[in-house]
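# Close look at the chain arrangement
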Amino acid sequence: MKEPVFVTRPHIPPLDEFLPYLQQIWDSRVLTNGGPFHEQLEEALCQYLGVRHLSLLNNGTIALMVALKALDLKGEVITTPYSFVATAHSLSWANLKPVFVDICPDTLNIDPAKIEAAITSQTTAIMPVHCYGHPCDVDAVRAIAHQHDLRVVYDAAHAFGVQYKNESVLNFGDLSVLSFHATKVFNTFEGGAIVCHDAEMKSRIDQLKNFGIINETEVIATGLNGKMNEISAAFGLLQLQHIDNALASRRQIDSMYRQRLQNITGIRCLGISAEEKFNYAYFPILVEPDYPISRDELVQRLQDKNIFPRRYFYPLISDFEMYRHLPSADRKHLPVAAAAADRVLCLPIFPDLDRSTVEYIVSCIVEQTG
Ligand SMILES: *Cc1c(COP(=O)(O)O)cnc(C)c1O
């Protein structure tokens, strides 16, 4: 490849489509603090996603922190080690102790059977991740949470637009948190959101993202600054007009990879369940032991050809220095996650990825087996 091909490339509409939005911001001088674009985007996203209440934030990590604060959690939270590091970091920032449990081999999502075993008298919540956008076993998680009176906060950073059994996956759990970072399926440069079930919770979240201020003289909580600005909100509104085309394009790339890679010895693609409407956010493959070279050797050979896939998620969160002292971080309790981290490779997927580049990437993977 002449130009480097990265795992993703932020999707942005033509600049001239954005200029009228900018003009409106310039004219009104409303730059932030719940301006008109912020309000419109909240409403438009509720509509598009099929959720009742949604609060915009300035990024997904702050959104996770605000979500945990809104539920006023204490003690231990059961989570997955197989995620982006912000999942566990948000717990640490809230003074909560992450308890890592293993994942399912088919979905790489948290294993409900392992959740039950990790519950102690200190456990107050579960924070699963819809990894790569594939829904967790939400029914099993709900049953466990109900039985043990635990809150559930989904890190749904990958799950924009995903449905499970014809309903938004964001409607499961007490709260679901989205990321609109530049690299995600739907982006507002930086951004995020919390989905909740009732107006009371939304107003608590809206207070927390604005320093805990409720009026000129009263501050009722130790909030922070989590507000989305008007440029990001306006950009989100424009992005929404293009999202269906972007998802359709991702879907085509996904099926090309899937079809071309299905009979390659040692390469496994994650399945898409019949119960989900998927967003094709990532294209992870697992480089199994019967592939001729290791995952890391494959990365090197692809990089030599100017293809830059990423090892999401390697290392495991539980292997990072600030977490590895935890008893639950021991790899011997996390064999499925450890194997996935050592084998996974996310291939480039983004709406304007050339079909010929997909063929080229596949040919590089096949070449090693010949
Ligand atoms: C991207 C991501 C986040 C953090 O979102 P930001 O908007 O980048 O702060 C959290 N969790 C997961 C799983 C992510 O992929």
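What comes next is a walk through the structure. Note on numbering: residues in each chain are counted from 1, in written sequence order. With pLDDT at 70 or above as the cut-off, local features in this predicted model cover only qualifying residues; side-chain atom pairs require 80 or more to be listed or tallied, and sums for whole chains, interfaces and linings still use all residues. Hydrogens and water are ignored here; the side-chain numbers use all heavy atoms of the structure.

### Concerning the site of the ligand
Close to the ligand lie 14 residues, the nearest being Thr61, Asp155, His158, Ser179 and Lys184. Residues adjacent in sequence count toward polar contacts only when both atoms are side-chain atoms; beyond that, a polar contact is any pair of N or O atoms within 3.5 Å, and within protein one must be able to donate a hydrogen and the other to accept it. A distance of 2.7 Å separates an oxygen atom of the ligand from a polar atom in the backbone of Gly60. Take His158: an N or O atom from its side chain is 2.7 Å from an oxygen atom of the ligand. At the level of elements, helix 3 (60-70) and helix 4 (86-93) are the ones that each hand at least two residues to the shell around the ligand. Under the scheme applied, nonpolar residues are Ala, Val, Leu, Ile, Met, Phe, Trp, Tyr, Cys and Pro; charged residues are Asp, Glu, Lys and Arg; polar residues are all the others, including Gly. Counted by class, the shell around the ligand contains three nonpolar, nine polar and two charged residues. It suffices for a single heavy atom of a residue to lie within 4 Å of a molecule or strand for the residue to be listed as near it. What counts as a helix is a DSSP run of H or I of at least four residues, what counts as a strand is a run of E of at least two, and both are numbered from the N terminus.

### Here we look at the sheet that holds strand 2 (residues 53-57)
Taken together, the seven strands give an open sheet; going across it, the order is 2-10-9-6-5-3-4, and neighbouring strands pair in mixed fashion. With partners counted over all chains shown, the strands left at the sheet margins are strand 2 and strand 4 (97-100), one partner each. Across the sheet, the mean angle from the axis of one strand to that of its neighbour is 25 degrees, orientation sign disregarded. Paired strands, as defined in this entry, are two strands with at least two bridges between them according to DSSP. The pairing of strand 2 with strand 10 (residues 192-196) spans five bridges and is antiparallel. Paired with His53 across the bridge in strand 10 is Cys196. Whether two residues are in contact is decided by their heavy atoms, any of which lying within 4.5 Å being enough. Note on definitions: angles span 0 to 180 degrees between N-to-C directions of axes, and those axes are lines fitted to C-alpha atoms, for helices only across the stretch in contact. Strands in contact with helix 6 (residues 138-148) are strand 5 (123-127) and strand 6 (151-155); relative to strand 6, the strand with the most contacts, it is inclined by about 150 degrees.

### Some details on the side chain of Ser55
Tracing the sequence through the fold places Ser55 in strand 2. A distance of 3.1 Å separates a polar atom in the side chain of Ser55 from a polar atom in the side chain of Lys209. Here Ser55 is in contact with Glu42, Gly192, Ala193, Ile194, Lys202, Ile205, Asp206 and Lys209, once residues within four sequence places are set aside.

### With respect to the nonpolar core
By size, the foremost hydrophobic cluster in this structure holds 75 residues, and its most contacted members are Leu45, Tyr82, Tyr132 and Phe160. For this core, the element with the highest residue contribution is helix 8 (residues 230-261), accounting for eight residues. The residues touching Tyr82, leaving out its near neighbours within four places in the chain, are Ile103, Leu108, Cys131, Tyr132, Tyr312, Phe313, Leu316, Ala337, Ala340, Ala341 and Val344. The next biggest cluster of nonpolar side chains, apart from the first, holds 29 residues, and it includes Ile267, Tyr280, Phe283 and Val362. Residues belong to one nonpolar core when they are buried, are Ala, Val, Leu, Ile, Met, Phe, Trp, Tyr or Cys, and are joined through side-chain atoms within 4.5 Å. For every residue, the accessible area obtained with a 1.4 Å probe (protein chains only) is divided by the maximum for its type, and the residue is called buried under 20%, exposed over 50%, and partly exposed between those limits.

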